Amino acid sequence: MKIKTLTTYNVYNYGASLQAYALMTYLSQLGHDVEIINYQPEYLTRKYNYKWVNPESKMSRYALTRVVYRILKFLQRQTTLANKRLFDNFTHHMLHETTQLYHTFDELQKNPPEADAYIVGSDQIWNIFYEAGRDPVFYLEFVDSGKRISYAASFSYIDIDEENCERIARSLSKFDAVSVREYHGIDILRTMGIDGTWVLDPVFLLSVDEWKKLMKPMNETNEPYLLIYDFEGNNELKNFAIKYAKDKGLKMYSISDRAYQTRYADKHFTKTGPCEFISLIYHCSAFVSNSFHGTAFSIMFHKPFYVFGRNRHKVNSRMESLLSMFELSNRYIHSAGDYIGEQISEIDWVKIESMKSRFLNRSETFIQMALTES
């Protein structure tokens, strides 16, 4: 079967790249001819242009502040070029993209890539607070013929206003099969009168051995370390990590976000593409983060992990759903005081594997039935 997948993947984000790779690879292993639709709308690409200034920001009000902002942005970008190249290499060598590049809904509607089935997902493609969640492309409105399927699509936010609910419901009513990544997504679908299935994120569709084939060695000294991946410079996360590393006798390594460095760590990894990201998690002794996909890989790799919420609390529903799925809600940490020695119980990995197997079977069954049912 010829399948085209659709997601936000070329956005220099570890989870976005790896979930796109996982779904593409899994479907290919089933014997299908799979390509990712190379859809790069302006709202996803403009932020990588140092000349672009958000018109709603304070920086856009005056010509001088716009010039200063652009200069600073240009200089900052010079420090992340190596990291960007690793992502570009992964995208163009590991992901099978359509040769046709699309920038708009109109371009896709006028000349859609041919396929027997179109699968949209995963990640926050239906998050209405992002432009992708309001883009008809991610509701497959450009499709004239062929199956319309969603796999592990995410609304991310719990609350959706009535107008968007009605719009989304009209689009999803045309789908042959719908699945979402979070349990609250099932409730949202139910209010729309849409049947849905709660499935695993695509990264779980590949085995640990398959992920190991992608890994690049990063820790030359082989010293045990606590890995930190902090999107926001969370002080509670910082204090927790320091206490934990001291208690366990671990070095502190950090994957530094492009806009933020974890300055209290012993070692910073700024040149980390998707392959380096999973390698650092696989080889760590423990993981502390506010990253959804970092947490997902920690679960797969059997790593003790601790999760902090993001400042935008509604986004945290996706993390809460993942932890609930594996009965690991106690790993959600609110402050450094939540860690006192061995207060948090160890993870029963045998139990986790049993649950993962059950959810994996549900996820694989959903894909099989969605592709085969008439």
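Residues numbered from 1 in each chain as written. Predicted model: local features only at pLDDT ≥ 70, side-chain atom pairs only at ≥ 80, totals over all residues. Heavy atoms only, no water.

Asker: Is there a simple way to think about the overall build of the protein chain in this case?
Answerer: Counting its secondary structure elements, the protein chain contains 13 helices and 13 strands. Within the protein chain, the proportion of its 374 residues that are buried is 55%. Of the contacts formed within the protein chain by residues at least 6 apart in sequence, a portion of 75% connects residues at least 24 apart. When the accessible surface of the protein chain is split by element, carbon and sulfur atoms take 49% of a total near 17200 Å². (Helix = DSSP H or I, 4+ residues; strand = E, 2+ residues; numbered from the N terminus. Buried < 20%, exposed > 50% of the residue type's maximum accessible area, 1.4 Å probe, protein only. Contact = heavy atoms within 4.5 Å. Areas by Shrake-Rupley, 256 points an atom, 1.4 Å probe, with all protein chains shown as cover.)

Asker: Even after reading the chapter, I still don't get the pairing of strand E12 (residues 305-308), so can you show me in this structure?
Answerer: Taking every second residue as pointing to the same face, both faces of E12 are buried, with Phe 305 and Val 307 on one and Tyr 306 and Phe 308 on the other. Relative to E12, strand E11 (residues 286-289) is paired through three bridges, and the arrangement is parallel. From the neighbouring strand, Ser 289 faces E12, where its bridge partner is Val 307. Assessed by its sense of winding, the connection that carries the chain from E11 through helix H11 (residues 292-300) to E12 is right-handed. By the bridge criterion, two bridges tie E12 to strand E13 (residues 332-333) in an arrangement that is parallel. The partner of Phe 308 across the bridge, within E13, is Ile 333. (Pairing = 2+ DSSP bridges. Right-handed = clockwise from strand over helix to strand, strands pointing away.)

Asker: Please clarify how the sheet that holds strand E9 (residues 251-255) should be interpreted in this entry.
Answerer: Within a sheet, adjacent strands bond to each other through the backbone by hydrogen bonds, running parallel or antiparallel. The parallel open sheet is built from six strands, whose spatial order is E10-E9-E8-E11-E12-E13. Lying at the two open borders of the sheet, with one neighbouring strand each, are strand E10 (267-269) and E13. Contacting strand E8 (225-229), E9, E10 and E11, helix H10 (residues 274-282) runs over the sheet at an angle of about 140 degrees to E8. (Axes fitted to C-alpha atoms, helices over the stretch in contact; angles between N-to-C directions.)

Asker: For this particular structure, what's the right way to read the sheet that holds strand E2 (residues 33-39)?
Answerer: Pairing in this open sheet of five strands is parallel, and the strands run E3-E2-E1-E4-E5 from one edge to the other. This sheet does not close on itself; its edge strands, each paired only once, are strand E3 (97-102) and strand E5 (147-150). Taken pair by pair, the neighbouring strands of this sheet meet at an average axis angle of 25 degrees, ignoring direction. As judged from the four bridges shared by strand E4 (residues 117-120) and E5, these two strands associate in the parallel manner. When the bridges of E5 are listed, Ala 117 appears paired with Lys 147. Those strands touched by helix H1 (residues 14-29) are strand E1 (2-6), E2 and E4, and its axis lies near 155 degrees from that of E2. Set on the sheet, helix H13 (residues 349-372) makes contact with E1, E4 and E5; between it and E5 the angle comes to about 165 degrees.

Asker: Just to check I follow, could you spell out the packing of aromatic side chains for this structure?
Answerer: By the definition in use, this model includes 27 aromatic pairs. Relative to Tyr 306, the ring of Tyr 244 has its centre 5.1 Å away and its plane inclined at 55 degrees; by these criteria the two rings are tilted. Here Tyr 306 lies in strand E12 and Tyr 244 lies in helix H9 (residues 235-248), a separation of 62 residues in the sequence. For the pair formed by Tyr 244 and Tyr 306, the shared burial category is buried. By the ring-pair criterion, three or more aromatic residues cluster together here, those being Tyr 12, Tyr 14, Phe 87, Tyr 229, Phe 231 and Phe 277. Sitting above the plane of the Phe 292 ring, Arg 181 keeps its charged end 4.0 Å from the centroid. Sitting over the face of the ring of Phe 359, Arg 358 holds its NZ or CZ atom 5.6 Å from the ring centroid. (Phe/Tyr/Trp six-rings, centres within 6.5 Å; stacked < 30°, edge-to-face > 60°. Lys NZ or Arg CZ within 6 Å of the ring centre and 35° of its normal.)

Asker: What is the right way to read the side chain of Glu 97 from this model?
Answerer: Along the chain, Glu 97 falls in strand E3. Among buried Asp, Glu, Lys and Arg side chains, Glu 97 stands out as unpaired, with Lys 84 the closest opposite charge at 12 Å. Within polar-contact distance, the side chain of Glu 97 engages the side chain of Tyr 9 at 2.6 Å. Contact partners of Glu 97, with chain neighbours within four places excluded, come to Tyr 9, Glu 35, Ile 36, Asn 38, Thr 91 and His 92. (Lys, Arg positive; Asp, Glu negative; His and termini not counted. Salt bridge = Lys/Arg side-chain N within 4 Å of Asp/Glu carboxyl O. Polar contact = N/O pair within 3.5 Å; in protein donor to acceptor, adjacent residues only side chain to side chain.)

Asker: What's the story with the pairing of E2 in this structure? I'm lost.
Answerer: Successive side chains on a regular strand alternate, one facing one side of the sheet and the next facing the other. Among the seven residues that make up E2, five are buried, leaving the element largely enclosed by the rest of the structure. Pairing between E1 and E2: four bridges, direction parallel. Among the inter-strand pairings, Thr 5 is bridged to a residue of E2, identified as Ile 36. By the bridge criterion, three bridges tie E2 to E3 in an arrangement that is parallel.

Asker: Please clarify how the nonpolar core should be interpreted in this entry.
Answerer: Across soluble globular proteins, you tend to see nonpolar side chains buried next to one another. Counting 110 residues, the largest nonpolar core has Trp 126, Phe 142, Tyr 151, Trp 211, Phe 297 and Phe 326 as the members making the most contacts within it. Among the elements that line this core, the one with the most residues is H1, at ten residues. Those residues in contact with Phe 297 that sit more than four places away from it in its chain are Leu 18, Val 203, Trp 211, Phe 277, Ile 278 and Ile 281. Ile 228, Ala 245, Met 252 and Ala 336 belong to the second-largest nonpolar core, a separate cluster that totals 17 residues. (Core = buried A, V, L, I, M, F, W, Y, C linked by side-chain atoms within 4.5 Å.)

Asker: Explanation requested: H10 in the structure shown.
Answerer: Every α-helix carries 3.6 residues per turn, so stepping three or four residues along brings you back to the same face. For H10, the buried fraction is high: eight of the nine residues fall into the buried class. All buried positions along H10 are accounted for by Pro 274, Cys 275, Glu 276, Phe 277, Ile 278, Ser 279, Leu 280 and Ile 281.

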